[in-house]
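Report on the structure
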Amino acid sequence: PFFFNDTATTEIYTLSLHDALPISARGGKNVQYMVETKNLRKVYRTGDEKVVALDNIDLTIEQGQVCCILGTSGSGKSTLLNQLAGLEKPTRGTVKIKGELISKMSEKQLAVFRQKHIGFVFQSYNLIQGMTAVENVAMPLMFRRVSRKKREEAAREMLKQVGLGERMDHRPNEMSGGQQQRVGIARAFVTNPEVVFADEPTGNLDTKTTKEVMEMFLRFAREKGTTIILVTHDRSLAEYCDRIVTISDGRIISNEDHRHAKAIQDPPAAPAEELPEKLHFTDNTLAAGQGGV
Ligand code: ADP
Ligand code: MG
């Protein structure tokens, strides 16, 4: 019934109804990490040339964590995301999601797994041009034996939540970039996935829209407890995240627990009037080493 003209979207979202499993079939296995890689390596060969795009990547991402993969252009971010989401096969090493070894799954198993557990947000939104916002958001539910009426209800509810209640029946070319990405986010979350992958989701947006879209994206993640893996070259986006994994030339060069950093930068404020007198530091008391405690 639909004409899919967008390769990436089609690859990720198209699957015959026969392959889809009901949401209730979602596994309840108790695993520690949402995503786990061991000794991951990816080599691209073009003719005689060999590019080691990823080397020796050991990474674990906890359930519910918002993780940023940060690096300059060409550092291997998209390659890493593609391995983590099962869109490409690693040359060596393993990737597990929810304890399932996705790096060894067949394409068909992967397609089913992605539809059950994973959502995607793309830099260029990847909306189907011929469909309205509601139809785009409803699309991932087509593969889950959700009735047409229920799909549309769910899509309309999601669009309201992303602030597009007035634009439900607009097509992508009638919307701004920021609005299109809100539709993209609604589509990613409509199936209530456990993990959402986003590759430069604000790469085509201005600073103000970037902030709005990121805050909305993360509000969804926090409300629903979704694990987020966000790829970006933009350090300012990393500030929103719980973990910052920096890569360079296909290797992890740092892996910071940023929740801790945020907590230190911004300790919980106690109302000043409730503090005992001796805790009111002045420059003099601090200088004298009489910090009151
Ligand atoms: P980033 O997303 O950080 O900009 P990429 O993961 O796209 O970086 O690329 C990492 C490296 O791998 C680059 O040197 C890039 O040219 C190379 N690369 C990525 N995809 C391919 C491919 N399909 N074939 C050959 N080389 C590739
Ligand atoms: Mg990239």
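Preceding this paragraph is the structure being described.
Residues numbered from 1 in each chain as written. Chains lettered and ligands numbered in written order. Predicted model: local features only at pLDDT ≥ 70, side-chain atom pairs only at ≥ 80, totals over all residues. Heavy atoms only, no water.

**Comments concerning the sheet that holds strand 4 (residues 92-97)**
Selection criterion: Any two strands with at least two DSSP bridges between them are considered paired. Numbering of helices and strands runs from the N terminus, with a helix taken as a DSSP run of H or I at least four residues long and a strand as a DSSP run of E at least two residues long. Note on definitions: a residue-residue contact is assigned when non-hydrogen atoms from the two residues lie within 4.5 Å. To obtain an axis, a line is fitted to C-alpha atoms, over the contacting stretch when the element is a helix, and the angle between two such axes runs from 0 to 180 degrees between their N-to-C directions.
Strand order in the open sheet formed by four strands is 2-1-4-5, and the pairing between neighbours is antiparallel. The outermost strands of the open sheet, each flanked by one partner alone, are strand 2 (49-62) and strand 5 (100-101). Of the strands in this sheet, strand 1 (33-46), strand 2 and strand 4 touch helix 2 (residues 77-84), which is tilted by about 125° from strand 1.

**Structural notes on the site of ligand 1**
Stated formally: Definition of nearness: a residue and a molecule or strand are near each other if at least one heavy atom of the residue lies within 4 Å of the molecule or strand. By the criterion applied in these results, polar contacts are pairs of N or O atoms within 3.5 Å in which, for protein atoms, one can donate a hydrogen and the other can accept it, and in which residues neighboring in sequence qualify only through two side-chain atoms. Three residue categories are used. Nonpolar comprises Ala, Val, Leu, Ile, Met, Phe, Trp, Tyr, Cys and Pro, charged comprises Asp, Glu, Lys and Arg, and polar comprises the others, including Gly.
Near ligand 1 the following residues occur: Tyr44, Val51, Ala53, Thr72, Ser73, Gly74, Ser75, Gly76, Lys77, Ser78 and Thr79. Note that an oxygen atom of ligand 1 is positioned 3.0 Å from one of the backbone N or O atoms of Gly76. Among the secondary structure elements, those contributing two or more residues to the shell around ligand 1 are strand 2 and helix 2. Tallying contributions element by element places helix 2 first for the shell around ligand 1, with three residues. In terms of residue class, the shell around ligand 1 is made up of three nonpolar, seven polar and one charged.

**Observations concerning the pairing of strand 8 (residues 227-232)**
So the rule is basically this: The buried label applies to any residue whose accessible area, calculated with a 1.4 Å probe on protein chains only, is under 20% of its type's maximum; exposed applies above 50%, and partly exposed to all values in between.
Taken across its six residues, strand 8 has six buried, putting it largely inside the fold. Residues Thr227, Ile229 and Val231 line one face of strand 8 and the alternating positions Ile228, Leu230 and Thr232 line the opposite face, and both faces are buried. In terms of strand pairing, strand 3 (residues 66-70) meets strand 8 through five bridges, oriented parallel. Bridge pairing in strand 8 links Cys67 to Ile229. Pairing geometry for strand 7 (residues 195-199) and strand 8, over five bridges, is parallel. Bridging from a neighbouring strand, Ala198 pairs with Leu230 of strand 8.

**Some remarks on the pattern of salt bridges**
Under the convention used in this document: A side-chain nitrogen of Lys or Arg and a carboxyl oxygen of Asp or Glu constitute a salt bridge if their distance falls within 4 Å.
Going through the model one piece at a time under the given rule, you end up with 14 salt bridges. One salt bridge connects Lys98 with Glu194, and the closest N-O pair in it is separated by 2.7 Å. Of this pair, Lys98 sits in the loop between strand 4 and strand 5 while Glu194 sits in the loop between helix 6 (177-189) and strand 7, and the two are 96 residues apart along the sequence. An identical accessibility class is assigned to Lys98 and Glu194; each is buried.

Honestly, that's just the spatial picture; any functional story needs more than this.
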